[in-house]
Amino acid sequence: MTTAAQRSRAAGVLQGKVAEARAELSECRSCPRDCGADRCRPPPPLCRIGSRAVVSSAFPHHGEEHPLSGWRGSGTIFFAGCNLRCVFCQNWEISQSAAGRIVDAGELAAIMLGLQDHGCHNINLVTPEHVVPQIVEALSLAVPAGLSIPLVYNTSAYDSLRALRLMEGLVDVYMPDFKFWDPETARRLARASDYPDAARAAIAEMHRQVGDLVLDDDGIAVRGLLVRHLVVPGLEHETAEIMRWIARTLSPDTYVNLMGQYRPAYRVPGSHRYAAIDRRPTFGELVAARRSAAAAGLHRLDA
Ligand code: SF4
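Keep in mind it's a predicted model, so treat the numbers as computed, not measured. (Residues numbered from 1 in each chain as written. Predicted model: local features only at pLDDT ≥ 70, side-chain atom pairs only at ≥ 80, totals over all residues. Heavy atoms only, no water.)

Peer 1: Talk me through the pattern of salt bridges; I want residue IDs and the actual numbers.
Peer 2: Scanning all chains against the criterion turns up 15 salt bridges. The salt bridge involving R22 is made with E137; its shortest N-O contact spans 2.7 Å. In this pair, R22 sits in helix α2 (residues 13-24) while E137 sits in helix α6 (residues 132-142), placing the two residues 115 residues apart along the sequence. For R208, the salt bridge goes to E168, with nearest N and O atoms at 3.1 Å. Here the residue R208 occupies a position in helix α9 (residues 195-210), and E168 occupies one in the loop between α7 (161-167) and β6 (173-176), the gap between them amounting to 40 residues. Of the residues examined, E168 reaches a relative accessible area of 30% and is grouped as partly exposed. Three or more residues are tied together by salt bridges with common partners; here these are R165, E168, E205 and R208. (Salt bridge = Lys/Arg side-chain N within 4 Å of Asp/Glu carboxyl O. Helix = DSSP H or I, 4+ residues; strand = E, 2+ residues; numbered from the N terminus. Buried < 20%, exposed > 50% of the residue type's maximum accessible area, 1.4 Å probe, protein only.)

Structure representation (structure tokens):
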């Protein structure tokens, strides 16, 4: 079975995307911030990352959803920097800094190939929204060098359609985390009031490109969309809206992971301003989230 990127290379499409990706770096509109920064010159843009991606860590991850981790692990590459400012970010040391190994396209390609050599089921790009141009260039080297496992795009869903069209034909599995429904919540908790609109447009585009999640005989994801949703305390009405939108606009067959691991982190612990989310979700809230998914007609809920 070939991957999307292998098919794009065979069709001569992959190489053509590289020039487009490089051009993006001199006036970047890769994400919904649409800031037009020249990423080849200082100062660093809002996402904190210049012309070269920064990798915080890369390893076989055994804690992702079973369709990704399987038994050999998901080949996870954590990128530093982010285009959101979530006040509860559990990875804030990575997302809110540019700390890590600065890599050029060849080095990023070598990391991908190393994870494949390790036996990982896939390459899992974590927080890729702001480094799409760098990923495209790395793939143009990695695929001819033998990269042949599926590519997972593991995103906050704060992606631009422009970036997703650059990734079209390269990604096998899209895994967006649809976080907020209400623009005011998104403004208050992630400094991005346009997040709900951007996420709906992005996830619909992802679904258009790859369809519902397809698993192989071993239950490993080979293609499609897997939607995550982090259950944040007190936002159950937003969870219900998101579940209804997924079922109605995408498909009731959408594979959904309702994540219960929220814990207060980053700016939240002890903060009066964020007191409402300074706790873990209750068991009742987690049950309510699953009920709202079921009530919406969603039946492929991750265990
Ligand atoms: S990816 Fe970074 S530089 Fe590009 S538009 Fe977004 S915030 Fe600006």
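Peer 1: Explain the environment of R263 to me, using residue names and the numbers behind them.
Peer 2: For R263, the location among the structural elements is in the loop between β9 (255-259) and α11 (283-296). Judged by relative accessible area, R263 falls into the partly exposed class, the value being 37%. For the pair R263 and A58, spaced 205 residues apart in sequence, the C-alpha separation works out to 24 Å. Apart from residues no more than four positions distant in its own chain, R263 is found in contact with F88, Q90 and R280. (Contact = heavy atoms within 4.5 Å.)

Peer 1: Give me the pairing of β6: which residues, what numbers.
Peer 2: Sheet faces and side chains relate simply in a regular strand, where the side chains alternate between the two faces. Here β6 shows no split at all, with V173 and M175 on one side and Y174 and P176 on the other all buried. Running through α7, the crossover from strand β5 (residues 151-155) to the neighbouring parallel element β6 is right-handed. As paired strands, β6 and strand β8 (residues 221-230) are joined by 2 bridges and run parallel to one another. Across the sheet, the residue bridging to Y174 is L225, located in β8. (Right-handed = clockwise from strand over helix to strand, strands pointing away. Pairing = 2+ DSSP bridges.)

Peer 1: So what's going on with unusual backbone geometry? Residues and values would help.
Peer 2: Cis geometry marks the peptide bond from P42 to P43; its omega dihedral reads 0°. Considering the arrangement of structural elements, one finds P43 in the loop between α2 and β1 (53-61). Here the phi dihedral of T127 falls at roughly 60°; this positive angle occurs in a residue that is not glycine. Within the secondary structure, T127 is located in the loop between β4 (123-126) and α6. Positive phi, close to 80°, is recorded for A157, a residue that is not glycine. With respect to the helices and strands, the residue A157 is situated in the loop between β5 and α7.

Peer 1: Talk me through the layout of surface pockets; I want residue IDs and the actual numbers.
Peer 2: Each pocket or cavity is described by its volume, and for the largest pocket that value is around 760 Å³. N91, V126, D177, K179 and R228 are the residues nearest the centre of the largest pocket, which is lined by 31 residues in total. Taken together, the residues that form the lining of the largest pocket break down as 13 nonpolar, 12 polar and 6 charged. (1 Å grid on protein atoms, 1.4 Å probe; cavity = no way out; pocket = protein on both sides within 12 Å on 5 of 7 lines; lining within 4 Å. Points joined across faces, edges and corners; volume = space filled by probe spheres on them. Nonpolar A, V, L, I, M, F, W, Y, C, P; charged D, E, K, R; others polar.)

Peer 1: Tell me what's going on with the side chain of D177, and back it up with residues and numbers.
Peer 2: Relative to the helices and strands, D177 resides in the loop between β6 and α8 (183-190). Here the side chain of D177 touches K179 through a polar contact of 3.2 Å, side chain to side chain. The residues contacting D177, other than those within four sequence positions of it, are T155, S156, A157, Y195, R228, H229, L230 and M259. (Polar contact = N/O pair within 3.5 Å; in protein donor to acceptor, adjacent residues only side chain to side chain.)

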